[in-house]
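Fold and geometry: a report
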Amino acid sequence: MMVHSDTKKSFDWSEFDFDWYKTKYNHVLNFLNATSEDDVREFYDRFGGALQHSPNPFFDEQWYTQRYADVREQVCSGQFKSGFDHYCKVGFWDKSPHWLFDEDYYRRKFLDFSREDIERNGFRNGYDHYLKQGSRLNCPSSPFFDPVVFLAEAPDFVVEPDEGAYISFLKAFPDNVLHDKKLSWYFDPVWYRETYPDLEKAAVHWQGPLHHYLTNPTPEAFNPNAFFSEQFYAQAYEDVAGAVKHGAFRNCYEHFVKNGQYELRQPARDVNLRVYAENPKVKSEIASQRYPSFFVHYMVHGGVVEEGGYSSEEREFISKAVYQEMCRIRLPLLLRGGLDFSYDHPELSVIMVAHNNFAMTMTALNSLRENFGGQIQVVLVDSGSSDEIRHIERHVRGITVIRTLGNVGFLQGCNAALQHVQADFTLYLNNDLELMPRAIETALARFVKEPQAGAVGAKLVRTNGLLQEAGSIVWKNGSVCGYLRDESPDCPEANYVRSVDFCSGAFLMVRTDLLRSLNGFLDDYAPAYFEETDLCVRIRRHGWDVVYDPGVVILHYEYGTSGTIESVHMMQRNQGLFIEKNANYIASRYPRNAQKDLLARSARSFDKRVLFLEDFLPFRHLGSGFTRSNDIMTVMVRDLNCHVTAYPIFRPLGMTEDIYTGFPDRAEVMWNKGLEDLAGFLNSRPGYYDVIWIARTHNLDRLAPAFAECAAALAGSKIVLDTEAVAAPRELQKWVLKGETPQHTLDELLQKEFRAAWYVNRFVAVNQKDASILRRLGHSDVHVLGHLQQARRFTPGFKERRDILFVGAIHDIDSPNLDSLIWFVSDVLPKLDGKLPQDVKFRICGYLNPEVDVSRLLLNPRVEIVGRVPEVSPYYDTHRIFVAPTRFAGGIPYKIHEAAAHGLPIVASDILCEQVGWQAGEDMLAPATGNAASFADAIVSLYEERELWQKLRYNALRRIARENNAEAYTHEIRNILSQFPQRSGNKVEGFPVTS
């Protein structure tokens with residue numbers, strides 16, 4: 001509920017303020033001898049809009065019409081008398097009235113309610129609420145006016161209690177004394193004056209540095225402070241530059257302040273927020289809310305933070321002590337409720353060895369019980385305990401306890417317990433850990449997904465929040481190490497499934513039959529060290545896989561005796577024993593070298609290592625060729641034994657669950673990097689990749705500088721360009737569609753499109769038409785790779801279906817899908833009236849960029865916009881026809897093949913029929929592109945004629961089965977990645993094209 005409070009004064013943005021107006025524009029009013037209230041108001045009504053006069057201090061007419069081009073056009077056309085008239089009537093909900101107030105910012109930050117709730121509480125919008133309440137509470141009105149910061153800068157400024165700092169400031173403005181005062185964290189007026197001295201010459205037009213920055217007509221030409229660069233940000237993040245170009249943001253800094261800083265985007269070339277945010281001291285100060293963001297903290301401290309407080313080792317020691325104390329506090333609750341591991345037919349047997357530490361053991365068992373609801377057999381080895389573990393059966397029902405005389409240690413305790421195991425899978429589990437959600441379920445599922453998996457290990461996270469290991473490595477000298485120790489658990493390298501040399505016995509799940517055939521751990525390693533390393537190597541030597549699964553996450557407190565003189569001697573003895581027993585396996589490993597971690601981290605030999613470069617991470621829901629890229633990656637990983645690293649040109653906005661579900665789980669997904677990081681990334685992996693797969697031709701220009709910088713690291717790598725679609729013909733179609741004369745010929749456009757193709761070894765086209773264009777340009781090594789689809793023959797029939805469907809993504813206002821939908825809704829749908837029932841709906845499914853205005857699509861009552869859906873099959877199975885009214889396009893539309901594969905007949909523009917190479921009237925209906933009447937007639941015929949519907953459905957399914965099957969698709973990708981022809985002498989500007 002929003003809180004109301006009475007105010008002594010009412011501040012209304014919709015009212016005309018006679019006293020303020022008369023003072024503000026006295027020179028004009030005195031000249032006209034307009035002194036009475038009626039005269040002044042009449043003057044404003046007749047001439048104020050044209051003169052860009054503001055009616056009160058809370059609305060800036062000149063800024064409003066300059067900021068919103070659509071408003072300016074509507075005022076000029078006479079639809080509204082002024083910007084103020086527009087704001088009062090329609091603009092108040094989604095536009096800002098003043099350069100110091102941001103409606104969207106205030107509502108999101110302080111007034112996160114629906115419009116109905118806001119109006120129900122007596123407020124028209126966020127600004128109404130702010131003037132009546134927010135200002136008096138000294139809430140920030142926008143990123144550029146924070147009363148707390150301002151009043152700290154100007155402690156003598158007089159604030160009326162009934163007004164608050166914002167209203168008092170507006171009434172005092174312009175006051176030259178305030179010009180150089182910092183009004184918020186995000187703008188430095190002193191730096192601004194010094195950086196742009198020429199502004200002093202035009203000072204009469206501006207009311208201080210901040211006013212100039214927020215109201216000047218070229219907002220991308222100025223930087224707000226020393227820590228942000230418009231030029232760098234636009235170059236680094238082309239998605240933002242595009243949004244600015246289309247008016248979604250005034251400039252790049254607006255995007256950064258509202259979004260980018262919280263996504264840890266890089267604001268300037270020498271300001272790396274992502275690295276800065278990892279500083280523990282910075283993290284703690286942000287967590288304490290002393291600063292609103294890492295960027296503000298960086299500006300305040302100039303990017304320099306004096307280290308203080310505890311060391312990493314001290315923090316870890318304290319964390320362990322706190323954990324033990326929490327176990328002690330939790331213990332009475334566990335004893336009161338008890339734990340139950342009773343079973344009939346266990347799905348999992350767990351072996352746990354415990355020597356004292358009753359409270360910790362009970363906490364680990366409770367974590368196990370809460371983690372998995374299935375039946376678990378727990379075999380606990382009481383290894384000579386002297387505390388309450390001696391009576392643990394009193395508190396844990398259904399548990400099997402084995403007691404030994406004295407502390408026999410982990411290895412012998414586990415082997416004793418193995419004789420009692422009943423389930424098909426056995427889990428070795430330490431008693432000094434906690435299982436993160438779904439750990440057991442995920443590990444068991446891995447055995448189902450990968451029948452060759454003999455053992456599954458976990459991602460182990462220490463109490464300092466860093467990795468203990470993400471799988472482990474055996475080196476050629478017989479030494480071992482945990483991969484990525486002391487790195488962040490979130491790093492991409494730790495978050496894909498890998499075959500590894502071994503995983504820690506703190507959590508190691510093994511097939512019971514396999515474990516028994518190997519007799520568990522070898523007694524030779526007793527009492528400890530190298531036993532689980534040897535077990536995993538023996539598993540691998542017997543033809544089974546040892547799998548590291550990052551979805552299995554364990555918080556491990558690493559209690560033990562490591563570091564003592566005795567333990568060092570045992571480790572050295574057992575390392576020699578391990579080398580002796582596994583000499584052939586160890587000889588096949590890599591020499592120990594920090595630069596070899598990348599190669600050694602996987603125990604599997606790959607046919608190819610592929611770096612897959614795309615505009616964005618290729619989530620299937622993005623459409624627009626990304627689905628095809630996802631299919632290509634999946635085939636490489638799943639069917640062709642490739643290690644694939646997915647790398648986006650544009651850094652993702654943030655890590656989401658899609659990253660772990662949207663790709664093959666054995667693909668390495670670099671969600672935290674972008675083009676600006678690529679050179680460093682490649683140089684850190686010299687000689688690692690056999691193939692660099694570049695998706696989309698337009699990325700050639702972007703990548704050339706980075707590749708040139710990394711020529712040595714790329715030695716031996718082959719460059720494959722997957723054009724996805726040749727764009728030049730589509731550009732010509734757009735010109736013709738607009739009724740304009742093309743500025744370039746097709747050949748000129750093609751030469752421009754492929755001007756950076758000099759470093760490409762092999763080309764991939766999506767159809768034969770594009771392939772012929774590439775060959776005509778002189779490229780001989782060209783392959784054709786279309787779409788992967790599986791025909792679904794058993795789907796609902798004609799009578800079980802109704803309505804019309806479109807599936808496709810809309811990424812920007814220039815999207816061919818958006819153009820086609822606007823045309824279809826405005827020109828085609830009206831022609832269906834009287835021919836199809838009014839309740840026949842047209843549904844639009846697919847990703848919608850929230851920054852793209854699709855309101856024009858809702859003008860027809862038949863239209864329903866569904867947006868992104870988790871699964872498209874239910875929509876394909878319930879609609880009667882699919883439409884693809886594309887007016888300009890390149891390549892092959894994925895949606896045509898997908899709809900056909902789902903048994904849904906299609907009405908598509910004839911240019912799409914030509915692209916897929918199908919027969920009009922037999923495989924789909926293909927009216928002339930842009931002919932609304934023909935398109936409507938085709939829809940009506942297909943919607944009503946059952947025989948036609950069934951014929952098109954049958955023929956299209958045959959096409960899919962013949963032309964888009966998995967076997968042929970996999971075969972073609974294998975050919976693309978296979979032996980490249982020898983080329984020599986290719987070198988341009990120092991960057992060699994490898995042969």
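This structure is a prediction, so every number in the text was calculated from the model and none was measured.

1. A few points about the pattern of salt bridges
- Enumeration according to the criterion identifies 63 salt bridges in this entry.
- For the salt bridge of Glu 163 with Lys 171, the shortest nitrogen-to-oxygen distance reads 3.0 Å.
- What makes Glu 163 buried here is its relative accessible area of 5%.
- The partner of Asp 677 in a salt bridge is Arg 651, with the nearest N and O atoms 2.7 Å apart. One end of the pair, Asp 677, is in the loop between strand 17 (668-669) and helix 31 (678-683); the other, Arg 651, is in the loop between strand 16 (642-648) and helix 30 (658-661), with 26 residues separating them in the sequence.
- Given a relative accessible area of 8%, Arg 651 falls into the buried group.

2. Here's the deal with the pairing of strand 23 (residues 842-845)
- The alternating pattern of strand 23 places Phe 842 and Ile 844 on one face and Arg 843 and Cys 845 on the opposite face, and all of these are buried.
- Alignment of strand 22 (residues 804-807) against strand 23, held across four bridges, turns out to be parallel. Across the sheet, Val 807 pairs through a bridge with Cys 845, a residue of strand 23.
- Regarding the hand of the β-α-β motif, the stretch spanning strand 22, helix 36 (residues 816-828) and strand 23 is right-handed.
- Here strand 23 pairs with strand 24 (residues 863-867) via four bridges, running parallel. Across the sheet, the residue bridging to Ile 844 is Ile 865, located in strand 24.

3. So, the domain arrangement of the protein
- As assigned here, the protein comprises domain 1 (11-89), domain 2 (218-309), domain 3 (317-601), domain 4 (608-784) and domain 5 (798-964).
- Look at where the C-alpha atoms of domain 3 and domain 5 centre, and you get two points 54 Å apart.

4. As for the sheet that holds strand 22
- Across the sheet, which stays open at both edges, the five strands sit in the order 24-23-22-25-26 with parallel pairing between neighbours. Edge positions in the sheet fall to strand 24 and strand 26 (906-908), since each has one partner strand and no second. This sheet shows a mean twist of 25° between the axes of neighbouring strands, independent of strand direction.
- Here strand 25 (residues 881-884) runs beside strand 26; their pairing, made up of three bridges, is parallel. Bridge pairing in strand 26 links Phe 882 to Ile 906.
- Its contacts with the sheet put helix 36 on strand 22, strand 23, strand 24 and strand 25, and the angle it makes with strand 23 is roughly 170°.

5. A closer look at the side chain of Thr 645
- Turning to its location among the elements, Thr 645 is positioned in strand 16.
- Overall, Thr 645 belongs to the buried group, its relative accessible area being 0%.
- One polar contact links Thr 645 to His 643, side chain to side chain, over a distance of 3.3 Å.
- In this structure Thr 645 touches Val 610, Leu 611, Phe 612, Glu 668, Met 670, Phe 681, Arg 685 and Tyr 689, once residues within four positions along its chain are discounted.

Reading the values: the criteria
- Residues numbered from 1 in each chain as written.
- Predicted model: local features only at pLDDT ≥ 70, side-chain atom pairs only at ≥ 80, totals over all residues.
- Heavy atoms only, no water.
- Salt bridge = Lys/Arg side-chain N within 4 Å of Asp/Glu carboxyl O.
- Buried < 20%, exposed > 50% of the residue type's maximum accessible area, 1.4 Å probe, protein only.
- Helix = DSSP H or I, 4+ residues; strand = E, 2+ residues; numbered from the N terminus.
- Pairing = 2+ DSSP bridges.
- Right-handed = clockwise from strand over helix to strand, strands pointing away.
- Domains from an automatic or database assignment.
- Axes fitted to C-alpha atoms, helices over the stretch in contact; angles between N-to-C directions.
- Contact = heavy atoms within 4.5 Å.
- Polar contact = N/O pair within 3.5 Å; in protein donor to acceptor, adjacent residues only side chain to side chain.

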